[in-house]
Amino acid sequence: MSRTLCLILLTFEAAAICGVFGATNDVPTYPAAPSRPPNIVFVLADDYGFHDVGYHGSRIRTPTLDRLASEGVRLENYYVQPICTPTRSQLMSGRYQIHTGLQHGIIWASQPNALPLDSPTLADKIREAGYATHAVGKWHLGFYKQEYLPTNRGFDSFYGYLTGSEMYFNHTRCYDRSGSDWCGLDLRDNTTPVFSETGNYSAHLFTRQAVNIVKNHPPSKPLFLYLAYQSVHAPLQVPDAYMEPYQDIQNKSRRIYAGMVACMDEGVKNLTEALQDAGLWDNTVFVFSTDNGGPVWAAANNWPLRGAKGTLWEGGVHGVGFVRSDLLKQKGVINRGFIHVSDWFPTLLGLAGGSLNGTKALDGFDQWATISDGKASPRTELLHNIDILFPPAGDTSYPGAFDTRVRAAIRSGDMKLITGDPGEGEWTPPPEEDNLLPTSFSSDSPSADAQNVWLFNITADPEERHDLSQQYPDVVKKLLQRLQYYNSTAVPPRYPPDDPNCDPAKHGGVWGPWE
């Protein structure tokens, strides 16, 4: 047996002995809360590509994001989910989607589906700790009943939209599902539909609302502000002025996309200036995160990572994230601690001095010491997902183990295992860099059409170019055992059929609760 394989297997055995595998994380140890609870501002960008932030070498300029990241801690081993709803559900619940029934697809506006009510949200728990809580922008965690609206899930106020995407200027959502053409307005101030903002760009609206919240916030009470931008999700729309600096980008979609990024960066600048003007910035923990990898078919880019939104490749799950705060003990650094979007629940709740009483066992870990002090991450393993409803791929490769036809992925230490159909696995260079041509699949991998097991050392090979599954079958088997374990803890996926009662025409032309 090679020395490398011995080290890998020893890592697995040591972790098992220490109780890492299969352990729940329901009783984290929180550091002492600050004398004044910090304000917490969480900005979530939608469909924002890994390569599309300036500090990752993008042609698109993001001076605000670059500056904030350089003043804080850049998270470069940070993971989200491949698509919208799962990431938002794990942020708000601290639990893997296999434990909430949201492991397949997104929540469509026409589905009677939502983040379950069986455990409180992050907003519930932070409000319980004495915070004012406000949500602005995209919800996408279900709304078919009143109890699933943001103002019934822990937020004092909500200004934004409930579905997964819409038009940026007229704030409507239309699509054809189940043979019906359902169309309606999707913009609300708390629970009241807003008809008066047609023509006003959503990034401007959401920034304005966030700034107003900050301006009117009483300084005697800590603030939790969740700003989930629509930007930069399709459709590709932006005021012309934001495209002017990018006229040299020949690809029109990419040019519009660049303008959308610039507008979002401006919005973050306006928000942070408002926090400074209100005297809140010095005691604020500011978090920026993407929700999933960028869709290359909608002008986003994840270079040099493999894959895109909706896939289990790194281009679908490796997020852009950073934390900026004067409360950080280390600043201006790159942190490579192993962090997942589910970790924000215990991390931010710990900063708020809150309690986990009443919550179900979490899959997230408190990462503040990792982020602030540079200590080792408590996370050693990450379940990306197990989706038993996704069409199976190929033949069972390891009889008696986890079914390799099932779409799943897991990371343990440096090693990542993918099974089933992970989605398109190309490497897509930025459209404006004509000298870089798309790279084909690694020559040491079998045909992607026939294959349903991949193993990568992500630390050594973050671009997933060298499949190790044939070289280390024992590691594959170990990780298949872990997938089997996680699958045994999963609740059934919830993905109900469309309900025609959702039709906005039945509800005043507006998307909203129908049961």
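The sections below set out a description of the structure shown in this document. (Residues numbered from 1 in each chain as written. Predicted model: local features only at pLDDT ≥ 70, side-chain atom pairs only at ≥ 80, totals over all residues. Heavy atoms only, no water.)

### Details of the packing of aromatic side chains
Test applied: For Phe, Tyr and Trp, rings pair up if their centres lie within 6.5 Å, where Trp contributes its six-membered ring, and each pair is then called stacked (planes under 30 degrees apart), edge-to-face (over 60) or tilted (otherwise). A helix here means a DSSP run of H or I that spans at least four residues, while a strand means a run of E at least two residues long, and both kinds are numbered starting from the N terminus. Buried, partly exposed and exposed residues are distinguished by accessible area as a fraction of the type maximum, computed with a 1.4 Å probe on protein chains only: under 20%, between the cut-offs, and over 50%, respectively. Here, over-ring charges are defined by two tests on the NZ atom of lysine or the CZ atom of arginine: distance to the ring centre within 6 Å, and angle to the ring normal within 35 degrees.
Overall, the coordinates contain 24 aromatic pairs when judged by the stated rule. With centroids separated by 6.3 Å and ring planes inclined at 90°, the aromatic side chains of Tyr 48 and Phe 288 adopt a geometry described as edge-to-face. With Tyr 48 in the loop between strand E1 (39–45) and helix H2 (63–71) and Phe 288 in strand E11 (residues 284–290), this pair connects stretches of sequence that are 240 residues apart. Of the residues examined, Phe 288 reaches a relative accessible area of 0% and is grouped as buried. Put simply, the rings of Phe 42, Tyr 78, Trp 139, Phe 155, Phe 224, Tyr 226 and Trp 344 touch in pairs and so form one group of aromatic residues. The positively charged end of Arg 306 is found above the aromatic ring belonging to Trp 313, 3.9 Å away from the centroid. Its guanidinium or amino end placed over the ring of Phe 390, Arg 407 lies 4.2 Å from that ring's centre, counting from NZ or CZ.

### Concerning the sheet that holds strand E16 (residues 407–412)
Selection criterion: We treat two strands as partners when DSSP finds at least two bridges between them. In this analysis, axes come from line fits to C-alpha atoms, helices being fitted only over the stretch in contact, and the angle between any two N-to-C directions falls in the range 0 to 180 degrees. When checking whether two residues touch, look at their non-hydrogen atoms; a contact exists if any pair is within 4.5 Å.
Overall, antiparallel pairing links the 4 strands, which are arranged E15-E16-E17-E18 in an open sheet. Across the chains shown, the open sheet's two edge strands, defined by having one partner strand only, are strand E15 (381–387) and strand E18 (453–457). The mean inter-strand angle of the sheet, taken between neighbouring strand axes irrespective of direction, is 10°. In this sheet, strand E17 (residues 415–419) lies alongside E16 in antiparallel orientation, the contact comprising 5 bridges. Opposite Ala 409, over in E17, you have Ile 418 as the bridge partner. In this fold helix H10 (residues 473–489) packs onto E15, E16, E17 and E18, with an angle of close to 65° to the strand it touches most, E17.

### Topic: the side chain of Ser 110
Here Ser 110 shows up in the loop between helix H3 (84–93) and helix H4 (122–128). For Ser 110, a relative accessible area of 0% puts it in the buried group. Once residues within four sequence positions are removed from consideration, Ser 110 is found in contact with Tyr 175, Arg 177, Trp 182, Pro 497, Asp 498, Asp 499, Cys 502 and Trp 514.

### Things to note about the environment of Pro 63
Assignment of secondary structure puts Pro 63 in helix H2. Pro 63 sits in the exposed class, given a relative accessible area of 52%. Linking Pro 63 and Lys 269, residues 206 residues apart in sequence, is a C-alpha distance of 8.9 Å.

### Observations regarding the packing of H2 against helix H6 (residues 252–277)
What counts here: Every angle not falling under 35 degrees, over 145, or within 65 to 115 is termed oblique; those three ranges are roughly parallel, roughly antiparallel and roughly perpendicular.
Look at H2 against H6: their axes get within 7 Å of each other, and the N-to-C directions meet at 55°. Taken as axis vectors, H2 and H6 run oblique relative to one another. Contact residues: H2 offers Pro 63, Thr 64, Leu 65, Arg 67 and Leu 68, while H6 offers Asp 265, Val 268, Lys 269 and Thr 272.

### Re the packing of helix H5 (residues 202–215) against H6
Using the following cut-off: Residues are grouped as follows: Ala, Val, Leu, Ile, Met, Phe, Trp, Tyr, Cys and Pro are nonpolar; Asp, Glu, Lys and Arg are charged; all remaining types, including Gly, are polar.
Packing of H5 against H6 leaves a shortest axis separation of 9 Å and a crossing angle of 10°. With respect to H6, the axis of H5 lies roughly parallel. On the side of H5, the interface is formed by Ala 203, His 204, Thr 207, Ala 210, Val 211 and Val 214, while H6 contributes Cys 263, Glu 266, Gly 267, Asn 270, Leu 271, Ala 274 and Leu 275. Among the residues making up the contact of H5 with H6, the classes are represented as 8 nonpolar, 4 polar and 1 charged.

Taken by themselves, the reported measurements are silent on function.
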